[in-house]
Amino acid sequence: MIPFFRRKKPPAATADTTPVVEAPQSDAVVDTTPFEAQVETTPAEAIVETVVEAPFYSQEEAGPVEAAPAAPGKPGWRDRLRNSGFARSFGGLFSRNPKLDDDLLDEIETALLTADVGVSATTLLIESLRKRMKAREFADAQGLLRALRADLIAMLTPVARPLVIDRSAKPFVILTVGVNGVGKTTTIGKLAYRFKAEGRTLMLAAGDTFRAAAVAQLQTWGERNGVAVIAQGQNADAASVAFDALQAAKARGTEVLIADTAGRLHTQQGLMAELGKIKRVLGKIDDTAPHEVLMVIDGTTGQNALSQLRQFNASAGVTGLVVTKLDGTAKGGVVFALAREFGIPIRFAGIGERSEDLRVFDAEAFVDALLPEALGA
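Residues numbered from 1 in each chain as written. Predicted model: local features only at pLDDT ≥ 70, side-chain atom pairs only at ≥ 80, totals over all residues. Heavy atoms only, no water.

Peer 1: Residues and numbers for the pattern of salt bridges, please.
Peer 2: Counting across every chain of the model gives 16 salt bridges. The partner of D208 in a salt bridge is R211, with the nearest N and O atoms 3.6 Å apart. Taking the relative accessible area as the measure of exposure, D208 reaches 4% and is therefore buried. Among the residues examined, R211 registers a relative accessible area of 36% and is labelled partly exposed. (Salt bridge = Lys/Arg side-chain N within 4 Å of Asp/Glu carboxyl O. Buried < 20%, exposed > 50% of the residue type's maximum accessible area, 1.4 Å probe, protein only.)

Below, the structure is given as structure tokens:
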């Protein structure tokens, strides 16, 4: 359960108290010197002084973060995901009280494929059920349903690993990546809400300098949560923003730094290479940074999510996943395909629009929401 702290609400923000920090623009926009060479000679004192003088909300000053109405649990997940494509695919399958035969397995196989579980994971599940059915392990269709649920949970359990903030890293740097439109910036805002509720100090870096509204969107999230945002202008060097933010976070002793990056298609090799540059520049200040490369995946993407993750993992070394938009038209089955092929930890799931609807991924709660035990009973 997320600890929530009751605190006074923050005063209304004014022009003099906004936590947004505008990092100084340099001559980098006209200088042809490679950025990696520039950062070695940039006077760190100038950047730190500019950032430290800007107002920053402490935990006490930031005021309360409204507590979620209830702890994340099975009822909440089920309410959010009951209309998913996965749930609809299985909705009438067991209610017809079918016989235990190959026709039933064929229907289950079709439902799994339709729900984007993928060929590899579906084949594994169906073959396991077929062997057990022939061994007469199931008395009826409900027994087979229970076995399917158990197999689905077992497939997700190894990847249901929460994000752990290493307290020895000051700051713990989270680099967020993903294609356009997956909800990266919104996810960062929800993470900020979550970390503030846990009493952590944090800072955001507006590294999506390509999309016009991205910087302003992240600044809005910063103001809403009382979190400082390091930003430069549109089309600024994203690596420069990350570099300045990490210096500022170190100067303040900030616990967590979350860096946004531009949404990019996994087929854009130039933009993908930029992620490597950002990682190298962060490493100039802290050779262990980033400590988490968090990829945000749209749950409605389907099997295309596999090729996205494959490319981003090769370019940036993805260490954790956030699957968003699972409350809408998402089929949900892609989560099983990702787990089967990559085994990368799934840290969070987005199951709603509210700040508290970014939940720590729970394998049992997720399967229970998609495929309730009482289905067809």
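Moving on, there is more to tell.
Peer 1: Kindly report on the nonpolar core, identifying the contributing residues and their values.
Peer 2: In this structure, F86, F90, I108, F336 and F366 are the most contacted members of the largest nonpolar core, which totals 109 residues. Discounting residues that sit within four places of it in the chain, I108 has contacts with F90, L93, F94, I126, L144 and L148. (Core = buried A, V, L, I, M, F, W, Y, C linked by side-chain atoms within 4.5 Å. Contact = heavy atoms within 4.5 Å.)

Peer 1: Got a sec to walk through the packing of aromatic side chains? Specific residues and values, please.
Peer 2: Within the structure shown, the criterion is met by two aromatic pairs. Their ring planes at 50° and their centres at 6.0 Å tell us that F336 and F366 sit as a pair that is tilted. One end of the pair, F336, is in helix α14 (residues 334–342); the other, F366, is in helix α15 (residues 363–370), and 30 residues separate them in sequence. In terms of burial, F336 and F366 fall into one category: buried. Through a chain of ring-to-ring contacts, three or more aromatic side chains come together here, namely F336, F361 and F366. Geometry around W221 places R224 over its ring, the cationic atom sitting 4.4 Å from the centre. (Phe/Tyr/Trp six-rings, centres within 6.5 Å; stacked < 30°, edge-to-face > 60°. Helix = DSSP H or I, 4+ residues; strand = E, 2+ residues; numbered from the N terminus. Lys NZ or Arg CZ within 6 Å of the ring centre and 35° of its normal.)

Peer 1: Break down the pairing of strand β5 (residues 256–259) for me, with residues and values.
Peer 2: Burial of β5 is two-sided: the residues V256 and I258 facing one way and the residues L257 and A259 facing the other way are all buried. As paired strands, strand β2 (residues 172–177) and β5 are joined by four bridges and run parallel to one another. Within β5, the residue paired with L175 across the bridge is A259. Bridge count between strand β3 (residues 202–205) and β5: four bridges; the pairing is parallel. Note on β5: the bridge partner recorded for M203 is L257. (Pairing = 2+ DSSP bridges.)

Peer 1: Help me get a handle on the packing of helix α8 (residues 141–156) against α14, residues and values and all.
Peer 2: Relative orientation of the contacting elements α8 and α14 amounts to 55°, with a least axis distance of 9 Å. It follows from the interaxial angle that α8 and α14 lie oblique. In the packing of α8 onto α14, the handedness of the crossing is left-handed. In contact with L152, M155 and L156 of α8, α14 contributes V335, F336, A339 and R340. (Axes fitted to C-alpha atoms, helices over the stretch in contact; angles between N-to-C directions. Parallel < 35°, antiparallel > 145°, perpendicular 65-115°, else oblique. Left-handed = near helix turned anticlockwise from the far one by under 90°.)

Peer 1: Would you mind going over the side chain of T187 in detail, with residue names and values included?
Peer 2: By the element assignment, T187 lies in helix α9 (residues 184–197). Not counting residues within four places of it along the chain, the set of residues in contact with T187 comprises V296, V322, T324 and L358.

Peer 1: Can you lay out unusual backbone geometry for me, pointing to particular residues and giving the numbers?
Peer 2: Omega for the bond connecting K170 with P171 falls within 30 degrees of zero, at 0°, which places this linkage in the cis form. Residue placement: P171 occurs in the loop between α8 and β2. The linkage connecting A289 with the following residue, P290, adopts the cis geometry, with an omega of -5°. The backbone of D116 shows a phi angle near 70°, a positive value even though the residue is not glycine. You can see D116 is positioned in the loop between α6 (102–114) and α7 (119–134). For D116, a relative accessible area of 15% puts it in the buried group. Look at R136: it is not a glycine, yet its phi comes out positive at around 60°. Mapping R136 onto the fold places it in the loop between α7 and α8. A relative accessible area of 76% places R136 in the exposed class.

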